[in-house]
Amino acid sequence: MANKILIVEDESKIARFLELELKYEGYEVDIACNGREGLDKGLKSDIDLIILDLMLPVLSGIEVCRRIRQTSNVPIIMLTAKDDVSDKVMGLDMGADDYITKPFAIEELLARMRVALKRKVINKMTDDSVLIFKNLTLNKRQRQVKVNDDEVILTKKEFELLVYLLENRNIVLSRENILEKVWGFEYYGDTNIIDVYIRYLRGKIDQKYSMDMIHTVRGVGYLIKDDE
């Protein structure tokens, strides 16, 4: 059965182009031309992935993403005309799985879609587990992080980054590797976003609870290291 893709895009030429390309690739496609319509259609259970424009009439793409994430984990790839880290971080914080900047090659979008859909299948098949580091406990099933008895509130990408670091403790992870595994796309020059999220995690955990958890390996990347 073909995956159903929802395109939320107010520029009719772009929406039509994407519709034709995706149908050619074998996807079933639905289109919404504003944020309100996109939200209504995006909340339907038969949608497998959403391509969501950032700048939309009625409701912004950021707001649509935020509201969908309150009830659904459907993969969301955001389209933005702005090559700005703050816009990308905001979209990812609201729960987007990936982003792509206009103009883009359709082959790149298709590749990112395949990664997001594959991750969706893997997540359904993988058993949830509890990860522990010192006084920190991460419950993947409940998407909850606690230090001692205090719950640490993390965004979707902060949580996924912490999971990846904990699952690969004592291994130095490059920025490029983190981008590919956590964000689901290969390196395209945006590794500075990793530094932003590491800083967020350190502020919420390392600094707040005086934990020496995330270590920097200069010129390489990051790791969580057990005490020797």
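All values reported here derive from a predicted model rather than from experimental measurement.

J.: Looking at this structure, how should I read the nonpolar core?
T.: Side chains of a nonpolar character, in soluble globular proteins, are inclined to be buried together. I50, L52, I76, L136, L138, L162 and I178 are the most contacted members of the largest nonpolar core, which totals 54 residues. Discounting chain neighbours no more than four positions away, the residues touching I76 are I50, L52, C65, I68, R69, A96, D97 and D98. Counting 18 residues, the second-largest nonpolar core is a separate cluster that includes I7, V29, I51 and I100.

J.: Just checking my understanding: could you explain helix α1 (residues 12-24) for this structure?
T.: When the terminal C-alpha atoms of α1 are compared, their 18 Å separation across 13 residues agrees well with the 18 Å that a helix rising 1.5 Å per residue should span. Just beyond α1, the residue with positive phi is G26, at close to 100°.

J.: Help me understand the side chain of K156 in this model?
T.: Turning to its location among the elements, K156 is positioned in helix α6 (residues 156-167). On the basis of relative accessible area, K156 is assigned to the buried category, the value being 15%. Here the side chain of K156 touches E160 through a polar contact of 2.8 Å, side chain to side chain. When near neighbours in sequence (up to four residues on either side) are disregarded, K156 contacts R69, G95, D97 and R143.

J.: In this structure, what is going on with the packing of helix α4 (residues 85-93) against helix α8 (residues 192-206)? I would like to understand it.
T.: If you want to describe how two helices pack, look at the angle between their axes and the distance between the axes. Where α4 contacts α8, the axes come no closer than 11 Å and their chain directions differ by 55°. In this view, α4 runs oblique relative to α8, as classed from their interaxial angle. In the crossing of α4 with α8, the sense of the turn from one axis to the other is right-handed. Where α4 abuts α8, its residues V85, K88, V89, L92 and D93 lie against N192, I193, V196, Y197 and Y200. Residues of the contact of α4 with α8, tallied by class, amount to seven nonpolar, one polar and two charged.

The rules behind these values
- Residues numbered from 1 in each chain as written.
- Predicted model: local features only at pLDDT ≥ 70, side-chain atom pairs only at ≥ 80, totals over all residues.
- Heavy atoms only, no water.
- Core = buried A, V, L, I, M, F, W, Y, C linked by side-chain atoms within 4.5 Å.
- Buried < 20%, exposed > 50% of the residue type's maximum accessible area, 1.4 Å probe, protein only.
- Contact = heavy atoms within 4.5 Å.
- Helix = DSSP H or I, 4+ residues; strand = E, 2+ residues; numbered from the N terminus.
- Expected span 1.5 Å × (residues − 1).
- Polar contact = N/O pair within 3.5 Å; in protein donor to acceptor, adjacent residues only side chain to side chain.
- Axes fitted to C-alpha atoms, helices over the stretch in contact; angles between N-to-C directions.
- Parallel < 35°, antiparallel > 145°, perpendicular 65-115°, else oblique.
- Left-handed = near helix turned anticlockwise from the far one by under 90°.
- Nonpolar A, V, L, I, M, F, W, Y, C, P; charged D, E, K, R; others polar.

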